[in-house]
Amino acid sequence: MSSEAIAVTTPVAEVPLSRRFGRVWWCALVVSGGLVLLLGYTLVSVTILGVGIWGVNIPFVWGFDLINYAWWIGIANGASLFAAILVLRRHDLRTAVNRFAEGVAFFAVICAGIFPIFHLGRPWLFYWTFPYPATFEVWPQFRSTLTWDFWAISTHAIVTSLLWYVGLIPDLATLRDRARRKSVQRIYGIFALGWRGSVRHWAYHQRAYRLVAILVLPLILIMQSTVAFEFAVTLVPDWHETRQPLHFVATGLAQGLSIVLLVAVLLRSGLRLGRYIDEEDIDLLGKLVLASAIVSGYLFLDEVIAALLAERMAQEAMLNRMTGDYAGLYWTAIVYSVLIPQLLWFKAARNSTIAGVFVGLSIGVGIWFDRFSIIVGGLQTDYLPSISRNYQPTLAETGLFLGTIGLFAALLLLFVRFLPVVSMFETRHDEHLEKSS
Amino acid sequence: MSEGAPFDLEAMRARLANEDGPRLWRSLEELADLPEVRRYVEAEFPDIVQAARIDRRTLLRLMSASLALGGLAACDGGSAGKNAPLLSQSHTMPGHVPGVPLTVATSLPLNGFGRGVLVKVQEGRPIKIEGNPLHPASLGATDVFAQAEILSLYDPDRSDAPLQNGVERTWQELTGFIRPVRNELVVAEGKGLHILMPPTSSPTLLRLVAQARQLFPLARWHSFSPIDDDNRRAAGMTVFGRDVDLVYDLAQADTIVTLGGDLFAEEPGHLRYAADHQARRRLRERELPRLFAVETRPSLVGTRADERIPLRPRDVEAFVESLAATLETGSAPVGSHPSITRIADALRKAGSRSLVAAGREQGSAVHALVHAINARLGAFGTTVRAIEPVRPLASDVGTLADLAQAIAAGQASHLVVLGGNPAYTAPADIDLASLIRRVPLSLHLGQHRDETAAVCHWHVPESHPLESWGDLSAFDGTVGLRQPVTMPLKPGLSADEFLGLMAGQALDGRGLVQGTWREAWGEGFEERWVRSLEDGIVDNSASPPVDVALRPDWKPEPAALAPSAGIDVTFTPDPSVWDGTYANNGWLQELPKPLTKQVWGNAALIAPETAAIFGLSSGDAIDLNVDGRTLRAPVWILPGHATGAVTLTLGYGRRQAGRVGNGIGFDAYAIRSSQRPWVATGEIKAAGVRIPVISTQQHHSMQGRDIVRVVAPDQNLLPDKANPSLYPDWPYEGHAWGMAIDLDACIGCNACVIACQAENNIAIVGPEEVAKGREMHWLRVDRYYGGDPASPDTYFQPVPCMHCEKAPCEVVCPVNATVHSSEGLNDMVYNRCVGTRTCSNNCPYKVRRFNFLDYQGTDVSAPSDLTNPQVTVRDRGVMEKCTYCIQRIGTARADARIEDRPLRDGEVVTACQQACPTKAIVFGDVNDPESTVSRLKQSPRNYALLGALNTRPRTTYLARIEQPREDG
């Protein structure tokens, strides 16, 4: 490794290896750590007391639990799909954003995974969805979308973590080599799996990395579709739509990209990584976000068209989502996830940190409201009017949601503290290519 | 209180009563050494004494048995040893097999009238009440109050010790105090003694009253019930010149006109009336009966009417006058209600097979006119019969007002309140609570330490009707014997026993009842006594009809001048808590009221038009002002209510009902007057605040979907298109269970809902949880409105689990916790459920209920002694739903197998089916083409709810039959 190459990536490597990390980081960690404590509190209380501490009822048996689950899965999917495509296409942008796109995806899966377990009436029995050889030979119900979901989310967690980890191995080795303290060196060394940078290693690594990236592609479609199936296969008039998976995949992609954009802009300004995540990268990312928002817009339109073509109950249900008690959710979703991102048509907006943060958040918020509108607003219209009720989230549910946001932020913060947020080996590779050309 | 026990049982009981369970067992040896215990054991188990040497272990074993019994006996206020083994056990099988529940026939009172019931007793614990098929007021059906009485029996708030000025006393202290007082009163011939009791139909109690009256000739007796029939009886006196009760025969009635009240819910014979009316509707040979309901507040009978005429109370008298005049002259007077001609025509057409019935809230003038119309139509003898009053009152029995006057005048030195809760139920113009405080010595006998107990010097616990002996007459005079179905759960005296003691009889509830009937029957008493206990009724005891004829000198009084201003305020017993008696009953509090679906509270019911005038919406508070007394209440807009009137249900706003009932709703007695107890004139104005009203159904229209289908009398439903399914059909070699619910028969009375709750250990969740939409009822009765909100069509639809053949819930459960059984049931495996709730999402009927929290361990939950041991108590976090009473299917199957025969049709009766007065619910084997349910499912009225979804429900409905409207 030439000394020049070392110099190129020094600022990236310096971040995890430095002893001090500044007040802002600490403050952010304390805040998110507080939210993680809140998460722990809400999880313990829901386990002890039951899901009755939430606003759920009959017929709204699912509330924030599934809203947030679907939302986090959307982020995870969008981000990992994006990262995988970049890896496979060997796109320049991957150097800049791949690492934390993968990280975002993995942390979002962790946040998402909390909900399906803790939303159960008896969460300690969650493993019954797993086909283990039980004494009574009772198997899971393989026709249930929830069983599919169990497989989907566990596969998703494994593949996303693999994608992230495989990409990290050469950089972990770099950190090991540059670590100044023995203990740190040892820890990075364990995770670097004995990486020595031989040509054979590189060859295997490239193969493994691309293999996992390919795995991500179908998985993403399956994962989001499975979440969508949980709604689409039911008899609920508003949910019973074959377009549901498409809606979840496409809007989830927009949401994942927007969070990648948000994190990229924050890291770029926060860690002064302008050289590695340059304006062009951000510009490209902005265009992608804009494109995905337009696709979301089309899907919102498609939703209405599909409802118009459907039978009367579905029409009523859609109309109720647009004009009923929960109409606010629906329109908020459209404004935040489709209209506001149109700002990105302007180059100035694409290059502005504030606009990046704003649009990134806005799509995230918009899709969250869309999930709320589907899961709650969609359930309001059912075949028997006698059972119609309303759902109102409680503090315990809100606390749980904030808690997962805190967990996500805390994981991100630890990630930027202890691991290189920009792929060093890809950067070196890029620099090398530039030099040689 | 029992004198002359051979050993000091009282001290022993006192000791045991003061011991709690665990300490009792730890102190066994210590206790066994006490001399009185030794004496007790010797008396109970002479074998032990005779056996020369008994090792310590045997002694202790016997000791523990006897102490356990002693512990039970310690709960008994003094009649221990006199409770002979329960006599009646023959309704299930001869003899008692451990584990097999006993069925005991007895009677339960409602407003003084008896309804025959059969109580299921499991290992000494009564767990379920069913109707007694032999009893004329039940015919096997029950109302909500009878179903819920079992929960009242176990009410932990029931009084268990005498109180003196609020301080607990022992029974010895009570006896010590009261005996000299009684003796003094005997000497004084009862001067200054006033006795207040609710009207009763019990022959034994009436006999004891007569005896006591001989002993205390100068005592004054008063009768009071907040739900009185004074107007009707007064009208009988004016029109016929004698005091009579009326018994209707709706099976004979071709045209029925009801004027207020509720034949299907509030009359003492309501179950019978509903059953008879439905039986008449089912008669194929005759045209459908016509039912007209003229009423202020929509009633259950009104919802079944061919024509409902909402009318302010003040207009009813003029209406009846016009009707009478129309019947008389053949043409309606000018300016009378447009419906009158139609009603008169229908009445005339039916002739003697017509019936006009007025509710108890109508004035005596209305009742008098109704009596006259019935007499003129010749209805007496066919659809109406007059009988001697079932709750007779001697002419010198005073009213509550008389009592108030006597107390105010200082004439009352002693007051005995024998049952009831008059301090709460008294009209507001009689401040009975403070009047009672002015009586030098007052005593209250009651089941609860209620509002009356709080103002009396002494409170004596009254035993529950299921714990004591007695007898009760039904609406038609048929006597049902009342026998204890359990060892007393709390020490107490029945009213019979108390009066017996006053009259100098021994403390022997059974002896008192036997005394009455020994006198009446003479020879062959023993045999008849046993038979009557087993049957639950005294055969041929129905009152014979008495001849009534219009007094020749009777003329209708000129109609009282109706007030021109103000709003009419009417009072009515509550469909859930009656007059307040059931306020501490969680099942009833959580039972959605038939029309408003309100739970845990009451509301001022107003018409949509009234609401529009005052700018009110449901839940807005109003201030009612009646004669200067004010009351704040939330309103509920009730379609079909008469405009210009507001209905208040009684029984809420209890201050000392107990832990469940305190402070729920508003107390309508606070503006009720003794002069006009049923209809008053007042003012209302919006209070500008909201009082939340909890209702389980917030949407009232069917939104144009064919949820409840309606056909004309000879019309058939178009068959639904059969859709194909991807999944193969299930094979059924044995039984395939199914249910048919006849919407033409359902009157919305809710008996099925409570029966299901009692049978299946369904939790009470409390008002906060119901407000969140988490009530647990497996069976709900949906109520829909159609047509004009001013006078809508009302439809009831009981919705249990449909047990779909292609059940959507089954395929979405990830852990196979809800599965199809080999007999077609959609089984719920509680143990396997992890609580994803996705099954509920996919259930289009939303009949699944989820244990969001631990509902079995809350302050309002039913005590575990009441638990049906055949039904799992569900844990937090699992889904539950209607099982078609799978435990009853299992029991019937076991019985059939023991007798080595196939299950017979009708052998499996679900709890809802058993309670239904109109036999609207039929359950059985749909694999058997001859079964009743199969035949019903062949009916051209049969349809599947949401059949287009291809769930192929096993519960299907029979369309309601409606006459085409004459008025267009």
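Residues numbered from 1 in each chain as written. Chains lettered and ligands numbered in written order. Predicted model: local features only at pLDDT ≥ 70, side-chain atom pairs only at ≥ 80, totals over all residues.

For the rest of this paragraph, the subject is the overall build of chain B. Secondary structure assignment for chain B yields 31 helices and 38 strands. By the burial criterion, 56% of the 968 residues in chain B qualify as buried. Look at the contacts in chain B between residues 6 or more apart in sequence, and 73% of them connect residues 24 or more apart. (Helix = DSSP H or I, 4+ residues; strand = E, 2+ residues; numbered from the N terminus. Buried ≥ 20, exposed ≤ 12 C-beta atoms within 10 Å, placed from the backbone. Contact = placed C-beta atoms within 7 Å.)

All right, on to the overall build of chain A then. Per the secondary structure count, chain A includes 15 helices and 0 strands. Scaling as 2.2 N^0.38, a compact globule of 437 residues should have a C-alpha radius of gyration of about 22 Å, and chain A matches this with 23 Å. Oriented by its inertia axes, the alpha-carbon framework of chain A measures out at about 75 × 60 × 40 Å. Scored against the burial criterion, the 437 residues of chain A give a buried share of 52%. For chain A, long-range pairs separated by at least 24 residues make up 82% of all intrachain contacts whose partners lie at least 6 apart in sequence. (Rg over C-alpha atoms; globule rule 2.2 N^0.38 Å.)

Turning next to the packing of helix H4 (residues 93–118) of chain A against helix H8 (residues 244–270) of chain A. Residues and elements named next belong to chain A. Where H4 meets H8, the closest approach of the two axes is 10 Å, and the angle between their N-to-C directions is 125 degrees. Between H4 and H8, the angle falls in the class oblique. Note that H4 runs across H8; the crossing there is right-handed. Every residue of H8 that contacts H4 at Val 97, Phe 100, Ala 101 and Val 104 is listed here: Ile 259, Val 260, Val 263, Ala 264 and Leu 267. Residue composition of the contact of H4 with H8, by class: 9 nonpolar, no polar and no charged. (Axes fitted to C-alpha atoms, helices over the stretch in contact; angles between N-to-C directions. Parallel < 35°, antiparallel > 145°, perpendicular 65-115°, else oblique. Left-handed = near helix turned anticlockwise from the far one by under 90°. Nonpolar A, V, L, I, M, F, W, Y, C, P; charged D, E, K, R; others polar.)

For the rest of this paragraph, the subject is the environment of Pro 808 of chain B. In this fold, Pro 808 of chain B is placed in helix H27 (residues 808–812). Residue classification places Pro 808 of chain B among the buried positions, given that 20 C-beta atoms sit within 10 Å. Measuring from C-alpha to C-alpha, the distance between Pro 808 of chain B and Leu 949 of chain B comes to 9.7 Å, with 141 residues separating the pair along the chain. Sequence-distant contacts of Pro 808 of chain B, that is, excluding residues within four places in its chain, are made with Leu 235 of chain A together with Asn 842, Cys 843, Pro 844 and Thr 951 of chain B.

Our next topic: helix H14 (residues 339–350) of chain B. In an α-helix, one turn spans 3.6 residues, which is why side chains three or four residues apart end up on the same side. Residues and elements named next belong to chain B. Compared with the 16 Å implied by 1.5 Å per residue over 12 residues, the 17 Å span of H14 between its first and last C-alpha is a close match. Taken residue by residue, H14 has Ile 340, Ile 343, Ala 344, Ala 346, Leu 347 and Ala 350 as its buried positions. Within H14, the buried residues cover an arc of 160 degrees as seen down the axis, which keeps them to one side. Against the buried residues of H14 lie strand S9 (255–259), strand S10 (290–295), helix H13 (313–329), strand S12 (354–358) and helix H15 (364–377). (Expected span 1.5 Å × (residues − 1). Arc of directions from axis to C-beta.)

Facing the 41 residues of chain B at the interface are 39 residues of chain A. Of all the secondary structure elements, the ones that give two or more residues to the side of chain B that touches chain A are H27, helix H28 (838–841) and strand S33 (849–850) of chain B. In terms of residue class, the side of chain B that touches chain A is built from 17 nonpolar, 15 polar and 9 charged.

Further remarks concern the sheet that holds strand S11 (residues 307–310) of chain B. Residue and element names in this part refer to chain B. The 4 strands are arranged S11-S10-S9-S12 in an open sheet whose pairing can be described as parallel. Across the chains shown, the open sheet's two edge strands, defined by having one partner strand only, are S11 and S12. Within this sheet the neighbouring strands show an average axis-to-axis angle of 10 degrees, counted without direction. Here S9 pairs with S12 via 5 bridges, running parallel. Looking at S12, one finds that Ile 256 is bridged to Leu 355. Contacts between H15 and the sheet are confined to S9 and S12, with S12 contributing the most and set at about 170 degrees to the helix. (Pairing = 2+ DSSP bridges.)

Another aspect to go through is the sheet that holds strand S22 (residues 620–626) of chain B. All names here are of chain B. Spatially, the 6 strands close up into a barrel ordered S19-S24-S21-S23-S22-S25, and their pairing is mixed. Recorded for the sheet is a direction-independent mean angle of 45 degrees between the axes of neighbouring strands. Strand direction decides the pairing type here: strand S19 (residues 567–572) and strand S25 (residues 679–690), joined by 4 bridges, are antiparallel. From the neighbouring strand, Val 569 faces S25, where its bridge partner is Ala 680.

Right, let's get into the packing of helix H7 (residues 144–153) of chain B against helix H25 (residues 751–759) of chain B. All names here are of chain B. One can describe the packing of H7 onto H25 by two numbers: an axis separation of 8 Å at closest approach and a directional angle of 20 degrees. One element, H7, and the other, H25, form an angle in the roughly parallel class. In the packing of H7 onto H25, the handedness of the crossing is left-handed. Every residue of H25 that contacts H7 at Val 144, Gln 147, Ala 148 and Ile 150 is listed here: Ala 751, Ile 754, Ala 755 and Ala 758. Across the contact of H7 with H25, the residue classes tally to 7 nonpolar, 1 polar and no charged.

The subject of this paragraph is the pairing of strand S1 (residues 102–110) of chain B. Residue and element names in this part refer to chain B. Judged by how many residues are buried, S1 sits mostly within the fold: 9 of 9 residues are covered. Alternating residues of S1 divide into Leu 102, Val 104, Thr 106, Leu 108 and Leu 110 and Thr 103, Ala 105, Ser 107 and Pro 109, and every residue in both groups is buried. Note: S1 against strand S2 (residues 113–122), 9 bridges, orientation antiparallel. Paired with Val 104 across the bridge in S2 is Val 119.

Bringing the confidence of the model for chain B into the picture now. All names here are of chain B. Chain-level pLDDT for chain B is 88 on average; 89% of the residues reach the 70-or-more range. Per-residue pLDDT stays below 50 along residues 1–7; that stretch engages in 13 contacts with residues further than four places along the chain or on separate chains. Throughout residues 67–93 the model reports pLDDT below 50, and contacts reaching past four residues in sequence, or to other chains, amount to 59 contacts. Predicted complex metrics record ipTM = 0.91 and pTM = 0.88. (pLDDT = per-residue confidence, 0-100.)

This next bit is on the environment of Thr 383 of chain B. Residue and element names in this part refer to chain B. As for its position among the elements, Thr 383 is in the loop between H15 and strand S13 (384–387). Residues Thr 383 and Val 356 lie 27 residues apart in sequence; the distance between their C-alpha atoms is 9.3 Å. Those residues in contact with Thr 383 that sit more than four places away from it in its chain are Tyr 248, Asp 249, Gln 252, Ala 253, Arg 353, Ser 354 and Leu 355.

For the rest of this paragraph, the subject is the confidence of the model for chain A. Looking at chain A as a whole, the pLDDT averages 87, with 95% of positions reaching at least 70. Averaged pLDDT values over the elements of chain A bottom out at 61 in helix H1 (residues 3–17) of chain A and peak at 94 in helix H11 (residues 327–339) of chain A.

Right, let's get into the pairing of strand S15 (residues 441–446) of chain B. All names here are of chain B. Counted residue by residue, S15 has 5 buried out of 6 residues, so it is predominantly covered. Direction of pairing for S15 relative to strand S16 (residues 458–461): parallel, over a ladder of 4 bridges. Within S16, the residue paired with Gly 446 across the bridge is Pro 461.

The next point concerns unusual backbone geometry. The linkage connecting Ile 58 of chain A with the following residue, Pro 59 of chain A, adopts the cis geometry, with an omega of 10 degrees. Note on placement: Pro 59 of chain A falls in the loop between helix H2 (23–49) and helix H3 (64–89). Of note, the phi angle at Cys 885 of chain B is positive, near 50 degrees, even though the residue is not glycine. For Cys 885 of chain B, a count of 27 C-beta atoms within 10 Å gives the class buried.

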